[in-house]
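# Architecture at a glance
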Amino acid sequence: MLRYILLRLLQAVPVFFGTTFLIYFMVFAMPGDPLLALFGEKTPNPAVLEALRAQYNLDKPFIVQYLLYIGDIFQGNLGISYSGREVSAILVKTFPVTLKLAVMAVALELILSITIGLFSGIRKGKFFDNAMLVVSLVLMSLPIFVIAFLAQFFVAIQWGLASPTVGGNTAWWNMLLPAIVLALSLYATSMRLMRGSTVETLGNDFVRTAYSKGLSRRRVIPVHVLRNSLIPVVTNSATNFGILIVGATVTEGIFNVPGVGNTLFQAIVRGERPTVVSFVTVLVIFYVFLNILVDLLYAVLDPRIRYV
Amino acid sequence: MRRLLTATAVASVAALALAGCSNGGGSEGGGSSDDAAIITTNGNEPQNPLIPTNTNEVGGGKILDAIFAGLIYYDAEGAVHNEVAKSIETEDSIVWDIKLNEGWKFTNGEEVTAKSFVDAWNYGALLSNEQLSSYFFEDIEGFSWDEDSELTGLEIIDDYHFTVTLKHAASDFGQRLGYSAFYPLPSVAFEDMDAFGENPIGNGMYKLAGENAWEHDVKIDLVKNEDYKGEREAQNGGLTIKFYANQDAAYADLLSDQLDVLDQIPDSAFASYESDLGDRAVNQPSALFQSFTIGQFLEHFDGEEGQLRRQALSMAINRDEITDVIFQGTRTPASDFTSPVIDGWSDDLEGSEVLEFNEEKAKDLWAQADEISPWEGTFSIAYNSDGGHQAWVDAVCNSISNVLGIKAEGKAYPTFAELRTDVTERTIDGAARSGWQADYPGLYNFLGPLYATGAGSNDGDYSSEEFDSLIQEGISTTDPEVANQKFQEAQEVLLKDLPAIPLWYQNVVGGYSTLVDNVEFGWNSVPLYYQITKQA
């Protein structure tokens with residue numbers, strides 16, 4: 001087990017160098033001088049521009065810039081944004097907000113999709129199942145920004161049930177609306193997976209055996225059916241975290257959540273290399289860890305799976 | 001009810017702790033007894049630390065204007081009033097004699113003296129300090145773009161009296177002094193400018209609510225400065241500027257009274273904001289001029305042929321229709337190169353008919369130009385697609401190709417930085433959208449930096465001796481009437497040569513919530529926050 005975890009962690013090292021290099025290269029290749037944009041429509045004096053370029057190492061070739069950046073990272077320094085703030089400070093401030101939003105969204109999504117998927121599976125072909133199929137098809141076909149705008153307009157502005165934006169108040173109840181929007185955007189796929197997996201599990205011999213042993217539905221469904229049907233849903237929710245980050249960029253913009261998505265978007269617009277690369281790198285590392293965690297979860301769900 | 005509240009509070013504290021979030025929940029911060037009288041408004045996370053000479057964008061400028069008082073200030077119409085200055089006098093527009101009022105203090109107790117200004121300006125002008133607004137000091141004696149150099153033109157006579165000597169006459173120098181680059185700084189600022197930029201100490205109507213009043217990417221809390229000595233005393237308890245990455249979110253907050261004043265309605269709401277807000281909607285011209293610039297270095301666009309083509313293009317654009325259809329009346333068709341909110345503006349300059357839609361004349365002028373050298377190829381207008389310009393560029397190109405029968409199209413650049421790079425390096429191969437927001441309410445600011453030969457922001461490399469000398473005469477005189485007269489004559493030259501094609505003035509389009517009164521927008525599109533009152 002330990003050996004497996006260590007191996008998986010070692011795999012993260014090339015992933016780290018690969019992604020930072022690629023992202024750095026891509027941001028570097030973005031045309032246009034980001035510093036020029038700092039001056040708006042006004043054309044800066046060349047002397048000031050030169051000095052600023054030197055300050056951000058923008059006057060050096062790509063590979064030197066990248067190595068300087070990596071060197072700084074190993075000294076615990078993620079660089080300075082063009083607004084003169086430590087990138088690490090921005091990260092520390094924004095990451096918990098997005099993480100909280102993501103955890104809330106995934107929790108909501110799992111609760112909804114597992115219960116509804118399970119019941120749909122049990123009542124396959126009945127009215128409830130068909131109704132839920134229609135609902136999930138609608139949700140699947142709606143882009144996330146449509147759901148977000150509709151929720152903001154009706155729930156917050158028309159009915160006054162929530163604040164239309166999050167802003168500085170990142171208490172969980174104030175982030176419920178964007179979390180629900182994110183959850184809904186992920187819900188449909190997970191629910192269909194759960195339903196399909198439930199139907200399949202119900203047809204298995206061990207379920208029939210359990211019933212024939214005289215076990216009640218109340219024991220068979222949670223212990224035998226639910227547990228065995230969860231594996232695809234759990235795998236899916238790990239990939240969902242990736243989708244969540246994309247969704248969060250849109251949702252955070254619409255609901256003005258001061259999180260990673262919002263900041264990252266601004267940084268990309270401004271061509272801020274240190275901010276973009278550091279943010280994406282942290283997201284990648286997070287994603288890798290999450291995948292390891294999910295792999296380990298399999299063993300809990302299905303004791304036959306063992307990592308040696 | 002109380003139990004429910006407690007339960008919610010406990011749950012949210014638990015959730016915060018669980019998520020490892022150190023944020024104490026935003027809206028209740030501050031702790032002032034006057035919480036209800038705090039006005040909220042929209043803003044953007046400042047792009048730089050809040051140092052007056054290093055802030056050249058609206059997000060930070062708005063905050064600086066609230067927490068600093070300069071020598072002068074501008075009222076809603078852009079007229080100049082003395083603030084810290086008791087008098088600003090000059091006889092030749094070269095030596096400026098500035099006397100200060102006594103008794104002004106920074107919020108840390110330090111007195112505002114002549115030294116506060118002189119030190120701040122010297123800091124801002126020093127080349128190695130890389131200040132974004134350093135060009136504001138380039139007219140002062142001693143300024144250098146080549147090496148670090150002290151502003152030798154600044155001389156302290158006594159604590160409340162100093163003089164400024166310029167390299168050459170600048171009649172509007174006194175008018176510039178209300179811009180944020182000229183604000184005074186307390187001596188503590190020079191000990192650690194970066195730290196100061198995080199927690200600036202000013203002498204204005206408002207001050208920061210505390211050590212961490214600036215919550216990055218979220219908001220900044222300002223409270224009334226009780227020690228403020230000027231005429232613009234705050235009629236409310238304070239100002240919270242909430243940062244929005246996207247204006248739609250700010251508009252949603254305004255609609256549900258979560259935001260008191262919004263100075264920028266998003267494009268997506270142009271069609272509905274008037275019915276949404278009723279008489280709380282604001283739509284008035286501002287000091288923002290928009291145009292597209294055709295470089296003199298482009299083929300077919302210099303000399304007599306160029307002049308004919310420029311005039312033809314200008315007359316082929318139906319400005320009234322485009323501002324109406326694309327912008328829902330939130331732009332005002334241009335009739336000169338400046339802005340109607342600036343003193344001295346005129347809409348009947350000689351030659352301004354070139355800005356009116358006239359199909360016959362446009363065709364005729366284009367044909368005359370074709371006789372000199374036939375046109376071939378495509379006329380393009382470059383724009384940055386991250387700024388919402390596509391719709392009007394397409395409309396303008398359509399208008400041109402319909403009237404002149406040539407191919408005209410927009411050329412999209414993904415980012416503003418990319419467009420500016422091609423413009424600055426003169427690698428642009430067609431026209432490019434351009435615009436100008438005034439730093440201070442003076443005609444010269446719209447003309448000198450943009451069209452004078454060799455000027456810093458003369459992106460089209462325009463050069464006209466006649467224009468240069470008129471501008472020079474205007475800026476050298478001490479009589480404002482004469483100066484404005486000269487600037488208008490200079491504009492008449494521009495109307496013939498059209499180095500840029502004026503399109504329209506951007507209006508300030510905003511609104512306010514049902515909770516506030518006395519909302520008025522200033523010449524620079526920023527609401528006059530100090531006079532807003534909040535209903536109890």
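Residues numbered from 1 in each chain as written. Chains lettered and ligands numbered in written order. Predicted model: local features only at pLDDT ≥ 70, side-chain atom pairs only at ≥ 80, totals over all residues. Heavy atoms only, no water.

## A look at a negative patch on the surface
Residue and element names in this part refer to chain B. A grouping of Asp320, Glu321, Asp324, Glu350, Glu353 and Glu356 is seen on the molecular surface, where their side chains present a negatively charged patch. Mapped onto the fold, Asp324 is located in helix H9 (residues 319-325). A relative accessible area of 53% places Asp324 in the exposed class. (Patch = residues over 30% accessible without salt bridge, like charges linked within 9 Å, V, L, I, M, F, W, Y side chains within 5 Å. Areas by Shrake-Rupley, 256 points an atom, 1.4 Å probe, with all protein chains shown as cover. Salt bridge = Lys/Arg side-chain N within 4 Å of Asp/Glu carboxyl O. Lys, Arg positive; Asp, Glu negative; His and termini not counted. Charge placed at Lys NZ, Arg CZ, Asp CG, Glu CD. Helix = DSSP H or I, 4+ residues; strand = E, 2+ residues; numbered from the N terminus. Buried < 20%, exposed > 50% of the residue type's maximum accessible area, 1.4 Å probe, protein only.)

## Thoughts on helix H6 (residues 127-141) of chain A
Residue and element names in this part refer to chain A. Here H6 contains 15 residues, and its C-alpha end-to-end distance of 22 Å stays within 8% of the 21 Å for a straight helix at 1.5 Å per residue. Among all positions of H6, only Asp129, Met132, Ser136 and Leu139 are buried. Down the axis of H6, the sector holding all buried residues measures 90°, keeping them to one side. In this structure, H6 carries Phe127, Val134, Leu137 and Ser141 as exposed residues pointing more than 90 degrees from its buried face. (Expected span 1.5 Å × (residues − 1). Arc of directions from axis to C-beta.)

## Thoughts on the side chain of Thr94 of chain A
Topologically, Thr94 of chain A is positioned in helix H5 (residues 87-122). Overall, the relative accessible area of 2% leaves Thr94 of chain A in the buried class. Residue contacts for Thr94 of chain A: discarding those within four places in its chain leaves Pro258, Gly259, Val260, Thr263 and Phe279 of chain A together with Asp217 of chain B. (Contact = heavy atoms within 4.5 Å.)

## Things to note about the packing of aromatic side chains
Residue and element names in this part refer to chain A. Scanning all chains against the criterion turns up 44 aromatic pairs over all chains. Taken together, a centroid distance of 5.0 Å and an interplanar angle of 55° make the contact between Phe28 and Phe62 tilted. Residue Phe28 is located in helix H1 (residues 2-29), and its partner Phe62 is located in helix H4 (residues 62-74); the two are separated by 34 residues in the primary sequence. By relative accessible area, Phe62 is classed as buried at 15%. When the ring of Tyr56 is compared with that of Tyr82, the centres are 4.8 Å apart and the planes differ by 65°; the resulting orientation is edge-to-face. With Tyr56 in the loop between helix H3 (46-55) and H4 and Tyr82 in the loop between H4 and H5, this residue pair connects regions lying 26 residues apart in the sequence. (Phe/Tyr/Trp six-rings, centres within 6.5 Å; stacked < 30°, edge-to-face > 60°.)

## Quick look at the UniProt feature "transmembrane region" (unreviewed entry) in chain A
All names here are of chain A. As recorded in UniProt, the feature "transmembrane region" (unreviewed entry) lies at residues 12-30, 101-119, 131-159, 171-188 and 276-301. Between the C-alpha atoms that bound residues 131-159 there is a distance of 26 Å. The span itself is 90% helix and 0% strand. For residues 276-301, helix accounts for 100% and strand for 0%, while the C-alpha atoms at its two ends are 37 Å apart. (UniProt positions renumbered as here; feature names shortened; annotations may be inferred.)

## Structural notes on the interface of chain A and chain B
Each partner contributes to the interface: chain A provides 48 residues, whereas chain B provides 57 residues. Together chain A and chain B conceal approximately 4,300 Å² of surface at their shared face, both sides included; 57% is due to carbon and sulfur atoms. Taken together, the links from chain A to chain B amount to 6 salt bridges. Here Glu41 of chain A ties to Arg420 of chain B by a salt bridge, and the two come within 3.8 Å at their closest N and O atoms. In this structure, the connection of chain A to chain B is made through 18 residue pairs in polar contact (both at pLDDT 80 or more). (Buried area = accessible area lost by both parts, 1.4 Å probe. Polar contact = N/O pair within 3.5 Å; in protein donor to acceptor, adjacent residues only side chain to side chain.)

## A look at a nonpolar patch on the surface
All names here are of chain A. Where nonpolar side chains cluster on the molecular surface, the patch consists of Phe21, Leu22, Phe25, Met26, Ile63, Val64, Leu67 and Leu68 and spans about 710 Å² of accessible area. Put simply, the parts of the chain that give the nonpolar patch at least two residues each are H1 and H4. Mapped onto the elements of the fold, Met26 is located in helix H1. For Met26, a relative accessible area of 47% gives the class partly exposed.

## What to know about the sheet that holds strand E4 (residues 85-90) of chain B
All names here are of chain B. Taking strand neighbours across the sheet as the criterion, the 4 strands line up as E4-E5-E7-E6 in an open arrangement whose pairing is antiparallel. What marks the edges here is a single partner per strand, and that holds for E4 and strand E6 (154-158). Put simply, the sheet's adjacent strands are angled 20° from each other on average, direction ignored. Pairing analysis gives 5 bridges linking E4 to strand E5 (residues 95-100), with the strands arranged antiparallel. If you follow Thr90 over to E5, its bridge partner there is Trp96. Each of E5, E6 and strand E7 (161-165) touches helix H3 (residues 114-125); the most contacted strand, E6, lies at about 170° to it. (Pairing = 2+ DSSP bridges. Axes fitted to C-alpha atoms, helices over the stretch in contact; angles between N-to-C directions.)

## Observations concerning the pairing of strand E17 (residues 431-437) of chain B
Residues and elements named next belong to chain B. Of all 7 residues that make up E17, 6 are buried, and the element is covered over most of its length. Pairing of strand E13 (residues 281-293) with E17, which is carried by 6 bridges, proceeds in the antiparallel orientation. If you follow Leu288 over to E17, its bridge partner there is Gln437. The sheet contact formed by strand E15 (residues 378-384) and E17 spans 2 bridges and is parallel. Bridge pairing links Ala382 to Ala432 in E17.

## Describing the side chain of Asn507 of chain B
All names here are of chain B. Position of Asn507 among the secondary structure elements: in strand E18 (residues 500-512). For Asn507, a relative accessible area of 7% gives the class buried. If near-sequence neighbours (up to four positions away) are discounted, Asn507 is found in contact with Asn283, Gln284, Pro285, Ser286, Gly329, Thr330, Arg331 and Thr332.

## Points about the nonpolar core
Counting residues in hydrophobic clusters, the biggest one holds 141 residues, and the most contacted among them are Trp121 and Phe379 of chain B. No other element matches the 8 residues that helix H11 (residues 390-404) of chain B contributes to this core. Not counting residues within four places of it along the chain, the set of residues in contact with Trp121 of chain B comprises Leu71, Phe137, Ile140, Leu151, Leu154, Phe162, Val164, Leu177, Ala181, Phe182 and Tyr183 of chain B. Listed in part, the 30 residues of the second largest apolar core include Ile147, Ala151, Ala179 and Leu186 of chain A. (Core = buried A, V, L, I, M, F, W, Y, C linked by side-chain atoms within 4.5 Å.)

## Concerning the pattern of salt bridges
Should their charged atoms come close, side chains of opposite charge can pair. Evaluation of the coordinates by the stated rule reveals 30 salt bridges over all chains. One salt bridge connects Asp429 of chain B with Lys411 of chain B, and the closest N-O pair in it is separated by 3.1 Å. Taken as a pair, Asp429 of chain B in the loop between helix H12 (416-424) and E17 and Lys411 of chain B in strand E16 (residues 407-413) lie far apart in primary sequence, 18 residues in all. The exposure class assigned to Asp429 of chain B is exposed, which follows from its relative accessible area of 55%. Assessed through its relative accessible area of 30%, Lys411 of chain B is described here as partly exposed. When salt bridges with common partners are traced through the structure, they connect Glu41 of chain A together with Arg420, Arg433 and Asp459 of chain B into a single cluster.

## So, the pairing of E6 of chain B
Residue and element names in this part refer to chain B. Where E6 meets E7, 4 bridges bridge the pair, whose relative direction is antiparallel. Residue pairing for E7: Leu154 is matched across the bridge by Val164. Connecting E6 to the antiparallel partner E7 that follows it, the hairpin turn spans 2 residues.

## What to know about the environment of Val220 of chain A
Residues and elements named next belong to chain A. Tracing the backbone shows Val220 in helix H10 (residues 217-254). For Val220 and Thr209, which are 11 residues apart along the polypeptide, the C-alpha to C-alpha distance reads 10 Å. Not counting the four nearest positions on each side in its chain, Val220 is found in contact with Val207, Ala210, Tyr211, Leu215 and Val225.

## Some remarks on the confidence of the model for chain B
Residues and elements named next belong to chain B. Averaged over every residue, the pLDDT of chain B is 90; residues scoring 70 or more account for 93%. In this model residues 1-33 is a low-confidence stretch, pLDDT under 50, and it forms 26 contacts with partners more than four residues away in sequence or in other chains. For this predicted complex, the interface confidence score (ipTM) comes to 0.85, while the overall pTM stands at 0.86. (pLDDT = per-residue confidence, 0-100.)

## A word on helix H6 (residues 247-255) of chain B
All names here are of chain B. For H6, a buried count of 7 out of 9 residues is recorded, marking the element as mostly surrounded by other parts of the structure. All of the buried residues in H6 are Gln247, Ala249, Ala250, Tyr251, Ala252, Asp253 and Leu254. After H6 finishes, the residue Asp257 shows a positive phi value of roughly 60°.

## Description of unusual backbone geometry
All names here are of chain B. Of note, the phi angle at Asp257 is positive, near 60°, even though the residue is not glycine. For Ser525, which is not glycine, the phi dihedral falls at a positive 75°. With respect to the helices and strands, the residue Ser525 is situated in the loop between strand E19 (516-517) and strand E20 (533-534).

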